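Reading the structure
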Amino acid sequence: MTEINWMSEVEKRKADLIKDTQGLLHIKSLLDEEHTSPEAPLGQGVKEALDYLLHLGEKDGFTPKNVGNLAGHLEFGEGKELLGILCHVDVVPEGDGWTSDPFGAEIRDGKIYARGALDDKGPTMAAYYAMKIVKELGLPLKKRVRMIIGTDEESNWRCVKHYFQHEEMPSLGFAPDADFPIINAEKGIADFDMVQTGPIEAGETEANAKIVSFVSGKRYNMVPDHAKATLLVKEHQDEVVQQFIANMKEVDLEYNYHVQNEELILEVIGVSAHGMEPRNGKNAGLFLAEFLSKQELDTKAKNYFQFVSRYFFDDSRGVNLGVAYSDEITGELTINPGKLSFTPESGGSIGMTCRYPVTNKMEETKAKLDTLLKDEGFTIENFSDSKPHHVDEQEFLIQTLKKVYEEQTGEKAELIAIGGGTYARSLKAGVAFGPLFPGRPDIAHQKDEYMYIEDLLKATAIYAQAIYELGKTE
Ligand SMILES: [Zn+2]
């Protein structure tokens with residue numbers, strides 16, 4: 001068979017690809033739980049976007065299926081095995097500060113600007129046209145090819161959960177919802193709270209400072225950039241303030257303090273970062289807790305702040321907790337205490353995300369923590385665990401995607417391991433494959449989100465060849 005020029009096949013369809021991409025981008029496909037119906041359980045917008053793709057696919061001769069109005073698929077080809085391409089059509093709220101209408105899909109300087117241009121409607125249309133090209137060329141395939149369309153990726157993944165309860169799991173696949181070249185390893189993600197259980201007595205009379213409240217952070221997966229404590233100081237309040245100032249200067253953090261109704265209020269401003277690498281930020285809560293741990297507190301408060309200081313301050317690798325672990329594929333286990341709080345009534349808690357390597361066993365880590373916490377008067381609550389995800393480099397899927405990427409771009413296809421989770425982890429044997437090319441800024445979820453038309457076309461060619469190469473063998 002003659003060589004297929006994938007890029008020229010894409011160029012032939014460029015006008016339609018852009019027009020259909022803009023059509024999908026015009027739909028405000030935001031989660032809207034206040035306006036639902038049985039036909040649109042996550043709101044009208046995401047349902048409209050799902051229907052848009054299902055109708056388009058039906059018109060082009062694919063077999064469409066709506067799966068519970070939460071997800072759907074478009075399929076073609078025949079064969080025992082199923083190749084899956086996992087996309088999503090929901091978007092995060094547009095936010096403020098846009099140069100043009102966030103749903104206008106305006107083209108400026110070779111880029112399409114819209115919420116969802118990069119995440120994930122642009123790549124969804126690239127994958128769709130890739131399927132269309134393979135189908136229209138009438139190439140012989142030995143697998144069925146199926147685009148799976150989710151509508152809840154940005155929130156709770158109810159789409160894929162429902163979908164895979166009712167539909168076949170592809171034997172291999174990819175999700176165009178992250179970075180090129182190929183993300184083949186994703187750490188496990190365990191989120192949980194460590195909650196103080198003892199001692200129950202509120203305290204000793206000799207304590208000089210009573211913590212009225214302490215709070216920092218709202219999310220497990222963010223390094224908190226703000227912390228606030230309210231104290232009642234019996235004696236030498238000025239000294240406490242001086243120590244606080246000296247401490248904050250020493251660690252080079254912004255801070256505030258003031259007295260209100262005889263209460264001393266201390267605030268620390270840190271540096272926010274994604275919780276998968278706490279070293280990229282400065283955890284305001286940990287710095288304030290470290291300072292408070294050195295004050296004369298009642299037993300309950302002292303136990304909490306000393307616990308935080310001993311096990312979390314200056315240690316994002318779980319060394320002090322005794323759970324440090326690393327492997328060659330995904331690197332070190334990390335711990336981010338993203339939510340810290342204490343009140344005399346309910347005691348203290350530390351909410352965290354633990355990102356653990358693919359060869360690490362969370363059951364063992366958790367057992368170690370349970371033993372340690374029992375002695376310390378803490379317990380684990382609200383535990384949730386998403387297992388690590390890894391497809392071995394030697395697998396046919398990876399070898400094929402590498403070859404395709406290298407042929408299409410002329411660049412080496414290095415494998416990427418990450419501490420975050422991508423949509424690909426909902427596939428049994430799937431990887432994240434594009435659409436963001438190396439060196440391109442990641443503007444997903446930001447104002448003025450865009451996708452280069454050049455990249456949209458290039459991704460389409462890559463996906464088309466990938467579908468063909470993955471699908472042509474049994
Ligand atoms: Zn996405």
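The structure presented is a predicted model; accordingly, all values stated were derived computationally and were not measured.

Moving on, we come to the domain arrangement of the protein chain. Looking at the assigned domains, one finds that the protein chain contains domain 1 (6-186 + 389-471) and domain 2 (189-386). Placing a centre on the C-alpha atoms of domain 1 and another on those of domain 2 gives a separation of 39 Å. Contact residues are listed per partner, giving 10 residues for domain 1 and 7 residues for domain 2. Of the roughly 590 Å² buried at the junction of domain 1 and domain 2 (both faces included), carbon and sulfur atoms supply 65%. When the buried area of domain 1 at its contact with domain 2 is split by residue, His-390, Gly-419 and Arg-425 rank highest and sum to 56% of it. If you look at where domain 1 meets domain 2, you find 0 salt bridges. Within the residue set of the side of domain 1 that touches domain 2, elements represented by two or more residues are strand E9 (182-186), strand E22 (389-390) and strand E23 (415-418).

Next up on the list: the packing of aromatic side chains. As enumerated under the stated definition, the model contains 28 aromatic pairs in all. A centroid spacing of 6.1 Å and a plane angle of 65° characterise the contact between Phe-307 and Phe-312, whose relative ring orientation is edge-to-face. For the pair Phe-307 and Phe-312, one class covers both residues: buried. Sitting over the ring of Tyr-450, Lys-111 keeps its end group 4.7 Å from the ring centre. Above the face of the Tyr-452 ring, Arg-440 is positioned so that its terminal group lies 3.6 Å from the ring centre.

Turning our eyes to something else, we now look at the pairing of strand E14 (residues 254-260). Here E14 runs beside strand E15 (residues 263-269); their pairing, made up of 7 bridges, is antiparallel. Considered in E15, the bridge of Val-259 is made with Leu-264. Hairpin connection of E14 to E15: 2 residues between the antiparallel strands, including Asn-261 at a positive phi of 50°.

Ordered in space as E4-E5-E26, the 3 strands form an open sheet in which the pairing is antiparallel. The outermost strands of the open sheet, each flanked by one partner alone, are strand E4 (106-108) and strand E26 (450-452). Each strand of the sheet is rotated relative to its neighbour by a mean of 25°, with strand direction disregarded. As defined by bridge partners, strand E5 (residues 111-113) adjoins E26 across 3 bridges and the pair is classed as antiparallel. Across the sheet, residue Lys-111 finds its bridge partner in E26, namely Tyr-452.

With that out of the way, let us pick up helix H2 (residues 14-25). Taking 1.5 Å per residue, 12 residues should reach 16 Å; H2 reaches 16 Å between its end C-alpha atoms and fits that length. Looking only at H2, the buried set comprises Leu-17, Ile-18, Asp-20, Thr-21, Gly-23, Leu-24 and Leu-25. Close packing links the buried residues of H2 with helix H1 (6-12), helix H3 (44-59), E4, E5, helix H4 (121-136) and helix H11 (453-471).

The next point concerns the environment of Arg-425. Looking at the secondary structure, you find Arg-425 in the loop between E23 and strand E24 (430-432). For Arg-425, a relative accessible area of 13% puts it in the buried group. Along the chain, Arg-425 and Gly-150 lie 275 residues apart, while their C-alpha atoms are 14 Å from each other. Not counting residues up to four positions away in its chain, the partners in contact with Arg-425 are Trp-157, Glu-186, Lys-187, Ile-189, Ser-386, Lys-387, His-389 and Gly-420. Reaching out from Arg-425, the side chain makes a polar contact with the side chain of Glu-186 at a distance of 3.1 Å. Separated by 2.6 Å, the side chain of Arg-425 and the backbone oxygen of Lys-187 make a polar contact.

Let's shift gears to the packing of H3 against H4. Describing two packed helices takes the angle between their axes plus the distance from one axis to the other. Contact geometry of H3 with H4 gives a least axis separation of 12 Å together with a crossing angle of 15°. Taken together, the axes of H3 and H4 lie roughly parallel to each other. When you trace H3 past H4, the crossing you get is right-handed. Residue-level contacts link Leu-53, Leu-56 and Gly-57 of H3 to Thr-124, Met-125 and Tyr-128 of H4. Across the contact of H3 with H4, the residue classes tally to 4 nonpolar, 2 polar and no charged.

Once that is clear, we can look at the coordination of the zinc ion. The coordination sphere of the zinc ion, as far as protein atoms go, consists of His-88 (NE2), Asp-119 (OD), Asp-177 (OD) and Asp-177 (OD), spread over 1.9 to 2.7 Å. Angles of 53 to 144° at the metal separate the 4 donor atoms of the zinc ion, which places the site in the irregular class. Counting gaps between the donor residues of the zinc ion yields the pattern H-x30-D-x57-D. Of the two residues, His-88 sits in strand E3 (residues 82-88) while Asp-177 sits in the loop between strand E7 (172-175) and strand E8 (178-179), which places them 89 residues apart along the sequence. Exposure class is identical for His-88 and Asp-177. Each is buried.

In this section: the side chain of Lys-111. Among the structural elements, Lys-111 can be located in strand E5. Asp-109 provides the closest opposite charge to the buried, unpaired Lys-111, separated from it by 5.3 Å. With residues near it in sequence (within four places) discarded, Lys-111 still touches Glu-106, Tyr-450, Met-451, Tyr-452 and Ile-453.

Turning our eyes to something else, we now look at the pattern of salt bridges. Under the defined criterion, the tally for this structure stands at 30 salt bridges. Salt-bridge contacts for Glu-136 lead to Arg-13; the nearest nitrogen and oxygen are separated by 2.9 Å. Here Arg-13 lies in the loop between H1 and H2 and Glu-136 lies in helix H4, a separation of 123 residues in the sequence. Note on Glu-136: relative accessible area 45%, which makes it partly exposed. For Lys-47, the salt bridge is made with Asp-51, and the minimal N-O distance between the two is 3.3 Å. Taken together, the positions of Lys-47 and Asp-51, both in helix H3 and 4 residues apart, correspond to about one turn of that helix. Lys-47 gets classed as buried once you look at its relative accessible area, which sits at 13%. Salt bridges linked by common partners bring Glu-9, Lys-12, Arg-13, Asp-60, Lys-132 and Glu-136 together as one network.

Reading the values: the criteria
Residues numbered from 1 in each chain as written. Predicted model: local features only at pLDDT ≥ 70, side-chain atom pairs only at ≥ 80, totals over all residues. Heavy atoms only, no water. Domains from an automatic or database assignment. Contact = heavy atoms within 4.5 Å. Buried area = accessible area lost by both parts, 1.4 Å probe. Salt bridge = Lys/Arg side-chain N within 4 Å of Asp/Glu carboxyl O. Helix = DSSP H or I, 4+ residues; strand = E, 2+ residues; numbered from the N terminus. Phe/Tyr/Trp six-rings, centres within 6.5 Å; stacked < 30°, edge-to-face > 60°. Buried < 20%, exposed > 50% of the residue type's maximum accessible area, 1.4 Å probe, protein only. Lys NZ or Arg CZ within 6 Å of the ring centre and 35° of its normal. Pairing = 2+ DSSP bridges. Axes fitted to C-alpha atoms, helices over the stretch in contact; angles between N-to-C directions. Expected span 1.5 Å × (residues − 1). Polar contact = N/O pair within 3.5 Å; in protein donor to acceptor, adjacent residues only side chain to side chain. Parallel < 35°, antiparallel > 145°, perpendicular 65-115°, else oblique. Left-handed = near helix turned anticlockwise from the far one by under 90°. Nonpolar A, V, L, I, M, F, W, Y, C, P; charged D, E, K, R; others polar. Donors = N, O, S within 2.8 Å, 3.2 Å for Na, K, Ca; no water. Tetrahedral: all angles 85-135°; square planar, octahedral: opposite > 155°, others 65-115°. Lys, Arg positive; Asp, Glu negative; His and termini not counted.

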